[in-house]
Amino acid sequence: MNARTESQMLNQPTHVLSNAHLDSLEEEAIFILREVAAAFERPTLLFSGGKDSLVLLKCAEKAFIDKERGGHIPYPLLMIDTGHNFHEVTDFRDYRAQQLGADLIVRNVEDSMKRGTVRLAHPGESRNVHQSVTLLEAIDEFRFDALIGGARRDEEKARAKERIFSHRDAFGQWQPKAQRPELWTLFNTRLQPGEHFRVFPISNWTELDVWQYIEREQIELPSLYYAHQRKVVERKGLLVPVTELTPARADEQVVEKTVRFRTVGDITCTCPVESPAATAGEIVIETLAADVSERGATRMDDKTSDASMEKRKKEGYF
């Protein structure tokens with residue numbers, strides 16, 4: 001390489017990752033959120049305080065709240081709490097709902113356990129899968145006919161099969177082979193008594209899109225999503241956080257690593273990844289190089305079998 005060529009390379013403009021496509025994704029999400037408000041009588045938006053639900057909440061804010069004229073999100077927020085959630089996330093959930101003046105409904109798996117509708121095989125069993133029971137009880141209690149969630153197709157195989165407007169029968173069950181096509185953005189909103197829809201406005205987004213949107217919109221997140229020091233043990237290829245609910249086993253060595261969570265959920269099945277990324281921009285760069293989905297890299301409950309998520313979804317899991 002001669003001096004002239006080297007000089008030309010050094011003077012080349014730095015390539016910037018475009019986020020122009022976020023406008024069309026945001027527009028689609030806003031359209032779907034408004035469509036739900038128009039088509040259903042008793043919708044609700046599932047809100048956990050996690051990054052996807054915070055992105056969805058931001059889109060709902062843009063859909064219904066005008067900076068000058070005001071407004072409000074026309075349906076309540078709903079969270080099914082296992083009792084084993086990270087306090088940083090539930091605290092942030094409450095803060096964000098209060099900030100928007102939104103109605104927040106919280107229903108607890110522990111209450112289902114008291115009623116006897118949820119029975120654990122043993123005290124240490126993860127409550128994550130049992131959220132389905134409490135969710136269906138909340139649907140029955142409030143007679144919700146549409147539940148809006150932040151699930152995305154790129155997260156997991158079963159979620160890739162699901163339509164944006166996903167029909168559930170009177171038992172809350174999903175039939176993958178009985179879904180109507182959604183050609184030309186024409187959505188099925190027809191319900192029989194007792195049935196409901198699960199609606200996924202950011203279904204077409206990827207993890208990279210979510211982080212680019214968080215960076216662009218400067219969306220606040222719980223601190224767990226960014227690099228921090230945490231004691232972990234290595235188990236089945238995952239970094240398991242050492243907590244009261246997930247203690248280290250006798251044969252495991254506890255180490256302290258710089259980690260962040262790509263997704264957050266029940267402590268008993270959610271793992272961090274090793275990462276120094278402390279900003280949304282740094283996570284965008286990391287996500288570009290990721291070759292494993294966020295659930296594949298962080299969720300112990302999806303490791304049981306390739307069909308574990310699909311089986312749970314058929315039974316009512318979100």
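*Asks:* Would you mind going over the pattern of salt bridges in detail, with residue names and values included?
*Replies:* On inspection of all chains with the given rule, the structure shows 21 salt bridges. Its salt-bridge partner being Arg216, residue Glu217 comes within 3.0 Å of it at the nearest N-O pair. Overall, the relative accessible area of 27% leaves Arg216 in the partly exposed class. Here the salt bridges share partners, and the residues they tie into one network are Asp23, Glu26, Lys62, Arg216 and Glu217.

*Asks:* Give me the environment of Ala280: which residues, what numbers.
*Replies:* Locating Ala280 in the fold gives a position in helix α9 (residues 280-289). The exposure class of Ala280 is buried, given its relative accessible area of 12%. For the pair Ala280 and Gln212, spaced 68 residues apart in sequence, the C-alpha to C-alpha distance is 7.5 Å. Contacts of Ala280, omitting those with residues within four sequence positions, involve Trp211, Ile214, Glu215 and Tyr226.

*Asks:* Talk me through the packing of aromatic side chains; I want residue IDs and the actual numbers.
*Replies:* Each aromatic ring pair is summarised here by two numbers: the centre-to-centre distance and the angle between the ring planes. Throughout the structure, instances matching the rule amount to 12 aromatic pairs. Centre to centre, the rings of Phe165 and Phe197 are 6.4 Å apart; their planes meet at 65°, and the pair counts as edge-to-face. Residue Phe165 is found in strand β5 (residues 165-168), and its partner Phe197 is found in strand β6 (residues 196-199); the two are separated by 32 residues along the sequence. Given a relative accessible area of 4%, Phe165 falls into the buried group. Classification of Phe197 by relative accessible area gives buried; the value is 0%.

*Asks:* Break down the side chain of Asp266 for me, with residues and values.
*Replies:* As for its position among the elements, Asp266 is in the loop between β9 (255-260) and β10 (273-274). Buried within the structure, Asp266 lacks any salt-bridge partner; its nearest side chain of opposite charge belongs to Arg127, at an N-O separation of 6.4 Å. Here the side chain of Asp266 touches Thr268 through a polar contact of 2.4 Å, side chain to side chain. Setting aside residues no more than four positions away along its own chain, Asp266 makes contact with Thr82, His84, Asn85, Ser126, Arg127 and Asn128.

*Asks:* Run through the sheet that holds strand β2 (residues 77-81), naming residues and quoting values.
*Replies:* Strand order in the open sheet formed by six strands is β3-β2-β1-β4-β6-β5, and the pairing between neighbours is mixed. At either end of the open sheet lies a strand with only one pairing partner, and these are β3 (104-108) and β5. The sheet shows a mean angle of 30° between the axes of neighbouring strands, direction not considered. Pairing between strand β1 (residues 43-46) and β2: two bridges, direction parallel. Opposite Leu46, over in β2, you have Leu78 as the bridge partner.

Conventions and cut-offs
Residues numbered from 1 in each chain as written. Predicted model: local features only at pLDDT ≥ 70, side-chain atom pairs only at ≥ 80, totals over all residues. Heavy atoms only, no water. Salt bridge = Lys/Arg side-chain N within 4 Å of Asp/Glu carboxyl O. Buried < 20%, exposed > 50% of the residue type's maximum accessible area, 1.4 Å probe, protein only. Helix = DSSP H or I, 4+ residues; strand = E, 2+ residues; numbered from the N terminus. Contact = heavy atoms within 4.5 Å. Phe/Tyr/Trp six-rings, centres within 6.5 Å; stacked < 30°, edge-to-face > 60°. Lys, Arg positive; Asp, Glu negative; His and termini not counted. Polar contact = N/O pair within 3.5 Å; in protein donor to acceptor, adjacent residues only side chain to side chain. Pairing = 2+ DSSP bridges. Axes fitted to C-alpha atoms, helices over the stretch in contact; angles between N-to-C directions.

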